[in-house]
Amino acid sequence: MAPETSRSIATFLIIGIVIGAVIGVAAGYFMPRPGMVPLSKLEELRSQVDALRSELEAKGQEIAQLQAKIQQLEEGRKIKAAFIYVGPILDYGWTHAHDVARRIVDAEFDWLETAYAERVSEADVARYIDRFVQEGYDVIFTTSFGFMDPTLEAAKKYPNVIFFHCSGYKRWKNMGTYFAEFYQLYYLNGLMAGALTKTNKIGYVAAYPIPEVIRHINAFALGIKEVNPDAKVYVKWIYAWYDPVKAREAAEALINEGCDVLAFTEDSPTVVEVGEQYTKEGKQIYTFSHYSPMLKYGPDTVVSGQLVHWEVIYRDILVKIYTGVYNTTNLENVDYWWMLREGAVELGCDFGVPINPKFVDELKAKVIDHPEFGRISVYDLVFKRLKQMSEPTVVFDPFTGPIRDQEGNIRIPAGMRADHDTLWTMDWFVDNVATPLPTGGG
Amino acid sequence: MELWLAVGRSVIKASTPLLLGTLGGIYIERSGVLNLGAEGLMIVGAVTGFVVAVNTGNPALGVLAAALASMMLALVYGVFVVTLRANQVVSGLALTMFGLGISSLMGKEYVGIPAPHLPPVPIPILSRAPIVGRLLFSHDPLVYTSLILTILLWFILYKTRVGMAVRAVGEAPAAADAMGVNVYRVRYACLALGGALIGVAGAYLSLSYIPAWTEGLTAGRGWVVVALTVFSMWDPLRALLGAYLYGGVEVLQYHLQPYGVPPALLSTLPYLATIAVLCVISREAVRKRIGAPAALGKPYTREV
C-alpha cells in the first residue's frame, strides 16, 4: 500500500472523529432533557407573563369602572317609603311625632324618598295602600292599631311590597311590626310624682281603658309606690284620643278632688296647660308631659315626661331594607319593641331636659330609704334607674314581682319580670290605683 | 264644700263657650236662617283668635279678631242663603267643612306654641264675698260678658222693637216685609251678630279654656251649640239653662266616673234632651206658644 493512501485515511479518520465529537457534544448540549426549560421557551414565558400582567391591569381598571358604576347605581337607586297616619300631622301628639321622625330620616338618606297621607280612617286605609303601591312605593308604614287588618290584607295582596305596621301584633312574610314603648318612662315619672305630691293624691287623665294605657298607668303607679307607699292614683277616662275640652274637664275634676300631680295618656297638651294655669293662680300643680316636648306650655308645672324617637326605629328599618337585610320574605318575626336601651324613647319634658330645672332641688331634697340603694335622694334614684334600664343588659324592670292587683291578688310573683304577653294584654290595675277599672267598656 | 265650689267654678268655665255660641245661634235662627255652620264658625273664631293673640301678644285683640273673622264668614254664608236663596242645610254643612279646612290651613304654623292667655279678672269687692265671690266673680272677662249678654239679648229680643222685627222676620217674613221691615237686612244683621258670638265662643276655647291651638280644637262643640239652640227653644234665658246643664253634665261625668256612671251615656243626654224638645215642639199648638221661628230654613223671596 502506498504511504500517501494510508496518511489520507488517517486524516479522514481524525477529521471524522473531530466532526463526530463536535456534533455529539453539540447534540448532547442541545438535546432536551427532562426538568429543564430551553432558553428559547424562557423568553416566550416572559412575554406571556407580561401579557397576562397587562391583561390583569386592564381587567383591574374594568373592575374599578364596574364598581364605580355599581356605586352610582346604588346612589341613584331610591327607596320610596309611604307613611299612612290616622290623625292630622299637627295634633301635637301621636301623628305629629311620627311625622317629625319621617322628616328626619327623609333628610338623612339621599336614597330615601317619602310621602304621607294624614287623617286616614280605618275604612279608607286599603285604598291609600293601593294608591301608594300603584305609585311605586317599596315600603309602606301604617301607624294606627286599627290599620292592622287592612295592612295584613294588603301584604298578602302585594307580596313584592314591604309593610310595617305600628302597635299591632299580626305579621306576614312581608309585614313586620314596631312600637316605641313608654312604660319605663312612666315608671320614672312615677318616682318623681310620688316624691312631689303633698296631698298623696295623684291624678291621671286617660284616653281609653285598653292594655297600653293600663300598662302606662300601672308603671306610673309602681314608680309612685317605690318612693311613697301612701300615695294613691286617681284615673279619669275621657274616652277619646283627642278632645282638648274633655281633657281639660277631666284634669279640673282631678284637681277639684284634691290631686296635685297630673299625668296623662291622650293626644293634646291640655293637661299641662291646666296645670300651668292653676300654678300661676297660686296652686302648685305638678304635671308630666306626654309624647311631644311640652315644657314651653308649662314652665312652672311640667316636671318631666315621655318623649319618643320614632326616627331611631324608622332609620333601623329603612337601612336594613336598603342593605337587603329585610326583604319581602323574612319579616314574619320582625317585631320592634324598643325602649330606653335602644334609644327609641327619652325621659323628659323637652329633648335634652330630663327634669325641669325648676324642680331639681325639690327632688334632691327628698331623701328616702331604698331597699336597693339605701339612703338616696329621689333625684339620684331616677337617674340610677334610668341608667339601669338604658344599659345593653337591662338590669331593672318596673314590672318585677311581687306585684298585686287592686283585689290584693298576686299578679306577678316575687322575683319574676312580666313578659311581653302579660304587658301586652294587661287588664288589671296595681294596688295603689284607687279608681276601679270601668266594667263592660264605656 | 270646697269640692263643690271647685266643681261649680269648672261648670261655669265649661258652659261659657256653649252659652256664647248658643246665644249667637238663637239670633241667627230667630231671623229664620238655619245655623248648621256653627262648628265651622266656631273653629274659625278659635284659630283666628289664637293667631292674632300670638302675633300681637294681646288676647283681647285675639277675641276681637275672632269675632270679626266669624262675622265675615257668617255674612258670606248669608250671601248664599239670604240673597242667592241656596239650600240652607247644604250651605250650612258646607260652611262647617270649609271652616274646619281653612282653620287647619291657618293654624299650620301655630301648633305647639303657647299663646298669651285671657287672664282672670276678679271683680273688686264682689270677688271677696264668701262662696259666690270665688264661684262667680273671679273669672275671665268672657264669662261675665256671656252672662250680661244673656240678659241683654233676652231683653232686646222680647222687649224692644228691634227684637220684635227679628222675631217677625223669622216667623212670617212676608208679613214683616209688608209692615216695612227689611227682611234681608234683619237676616244679615242677625248673621253678623250670631257669627261674631260663635267666633268669640271659639276664641274662648283657644285663648282661655284649653288654651292652645291644635287641629280640630272645637271637637264638635259647634254641634252642641246647634242642639242647644233647639233645646233652649230659641230663648236666651233658656239658653243659659241649657248651656249650664250641658256644661254641668260634662264636668260632673268625671266626678261620677268612679261610681260606675257610664260617661258615654251622660254625653248623650243633651242630644236626647234635644230630640225630646223636637218631639214636643213638632205639635203645632206648642210650637205657636213657645214661638219657634216658623220660617226657619225657608229662603225669603219678595213678592212683587
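Model, not experiment: these values are computed from the prediction. (Residues numbered from 1 in each chain as written. Chains lettered and ligands numbered in written order. Predicted model: local features only at pLDDT ≥ 70, side-chain atom pairs only at ≥ 80, totals over all residues. Heavy atoms only, no water.)

A.B. asks: I'm lost on the overall build of chain A in this one. Help?
C.D. replies: Within chain A, the regular secondary structure consists of 13 helices and 16 strands. Relative to the globule expectation of 22 Å for 442 residues, the C-alpha radius of gyration of chain A, 39 Å, shows a markedly less compact shape. Considered along the principal axes of its C-alpha atoms, chain A spans approximately 160 × 55 × 40 Å. Residues counted as buried form 51% of the 442 residues belonging to chain A. For chain A, restricting intrachain contacts to residue pairs at least 6 apart in sequence, the fraction spanning at least 24 positions comes to 68%. Looking at chain A as shown, the accessible area adds up to about 20300 Å², and 57% of this sits on carbon and sulfur atoms. Across chain A, the 44 positively charged side chains and the 58 negatively charged ones have centroids separated by 3 Å. (Helix = DSSP H or I, 4+ residues; strand = E, 2+ residues; numbered from the N terminus. Rg over C-alpha atoms; globule rule 2.2 N^0.38 Å. Buried < 20%, exposed > 50% of the residue type's maximum accessible area, 1.4 Å probe, protein only. Contact = heavy atoms within 4.5 Å. Areas by Shrake-Rupley, 256 points an atom, 1.4 Å probe, with all protein chains shown as cover. Lys, Arg positive; Asp, Glu negative; His and termini not counted. Charge placed at Lys NZ, Arg CZ, Asp CG, Glu CD.)

A.B. asks: I would appreciate a short explanation of the pairing of strand β6 (residues 201–206) of chain A in the present structure.
C.D. replies: Regular strands place their side chains on alternate faces of the sheet. Residues and elements named next belong to chain A. Among the six residues in β6, five count as buried, and that is most of the element. In terms of strand pairing, β6 meets strand β8 (residues 261–265) through five bridges, oriented parallel. Each bridged residue has a counterpart across the sheet, and for Ile202 the counterpart in β8 is Val261. (Pairing = 2+ DSSP bridges.)

A.B. asks: What am I meant to see in the interface of chain A and chain B here?
C.D. replies: How big an interface is tends to be stated in terms of accessible area lost as the parts join. Counting from both sides, the interface comprises 32 residues of chain A and, opposite them, 37 residues of chain B. Approximately 3100 Å² of surface area, both sides summed, lies buried where chain A meets chain B, with 54% of it carried by carbon and sulfur atoms. Looking at the side of chain A facing chain B, the largest losses of area belong to Leu90, Glu249 and Asn256 of chain A, adding up to 21% of the total buried there. Linking chain A to chain B there are three salt bridges. A salt bridge links Asp243 of chain A to Arg221 of chain B; its shortest N-O distance comes to 3.2 Å. For the pair chain A and chain B, the number of links is 15 residue pairs in polar contact (both at pLDDT 80 or more). When contributions to the side of chain A that touches chain B are tallied by element, the ones reaching two or more residues are β7 (232–237), α8 (244–256) and α9 (270–280) of chain A. If you tally residues by element for the side of chain A that touches chain B, the top one is α8 of chain A, at nine residues. Looking at side-chain class alone, the side of chain A that touches chain B contains 15 nonpolar, four polar and 13 charged residues. (Buried area = accessible area lost by both parts, 1.4 Å probe. Salt bridge = Lys/Arg side-chain N within 4 Å of Asp/Glu carboxyl O. Polar contact = N/O pair within 3.5 Å; in protein donor to acceptor, adjacent residues only side chain to side chain. Nonpolar A, V, L, I, M, F, W, Y, C, P; charged D, E, K, R; others polar.)

A.B. asks: I keep staring at the packing of aromatic side chains and nothing clicks. Help me out?
C.D. replies: Aromatic rings in a pair are described by how distant their centres are and how their planes are angled relative to each other. For the structure shown, the criterion picks out 40 aromatic pairs over all chains. Relative to Tyr314 of chain A, the ring of Tyr178 of chain A has its centre 5.4 Å away and its plane inclined at 65°; by these criteria the two rings are edge-to-face. Taken together, the residues Tyr178 of chain A in strand β5 (residues 175–180) and Tyr314 of chain A in helix α10 (residues 310–322) connect sequence positions 136 residues apart. In this pair, the class of Tyr178 of chain A matches that of Tyr314 of chain A, namely buried. Positioned above the aromatic ring of Tyr209 of chain B is the side chain of Arg248 of chain A, whose terminal nitrogen or guanidinium carbon lies 4.9 Å from the ring centre. (Phe/Tyr/Trp six-rings, centres within 6.5 Å; stacked < 30°, edge-to-face > 60°. Lys NZ or Arg CZ within 6 Å of the ring centre and 35° of its normal.)

A.B. asks: Just to check I follow, could you spell out unusual backbone geometry for this structure?
C.D. replies: Negative phi is the rule for most residues except glycine; trans is the rule for most peptide bonds. Following Gly401 of chain A, the chain continues to Pro402 of chain A via a peptide bond in cis, the omega torsion being 5°. Counting through the fold element by element, Pro402 of chain A comes out in the loop between α12 (378–390) and β15 (403–404). Despite not being glycine, Met233 of chain B shows a phi value in the positive range, around 50°. Judged by relative accessible area, Met233 of chain B falls into the buried class, the value being 18%.

A.B. asks: Would you mind showing me how to read the domain arrangement of chain A here?
C.D. replies: Residues and elements named next belong to chain A. What the domain assignment lists for chain A is domain 1 (74–178) and domain 2 (183–307 + 345–424). Averaged C-alpha coordinates put domain 1 and domain 2 at centres separated by 31 Å. Counting residues at the interface gives nine residues for domain 1, matched by 10 residues for domain 2. Summed over the three residues of domain 1 that lose the most area to domain 2, namely Asp91, Tyr92 and Trp94, the buried surface amounts to 67% of that side. Linking domain 1 to domain 2 there are zero salt bridges. The tally of links between domain 1 and domain 2 comes to three residue pairs in polar contact (both at pLDDT 80 or more). Classifying every residue of the side of domain 1 that touches domain 2 gives four nonpolar, four polar and one charged. (Domains from an automatic or database assignment.)

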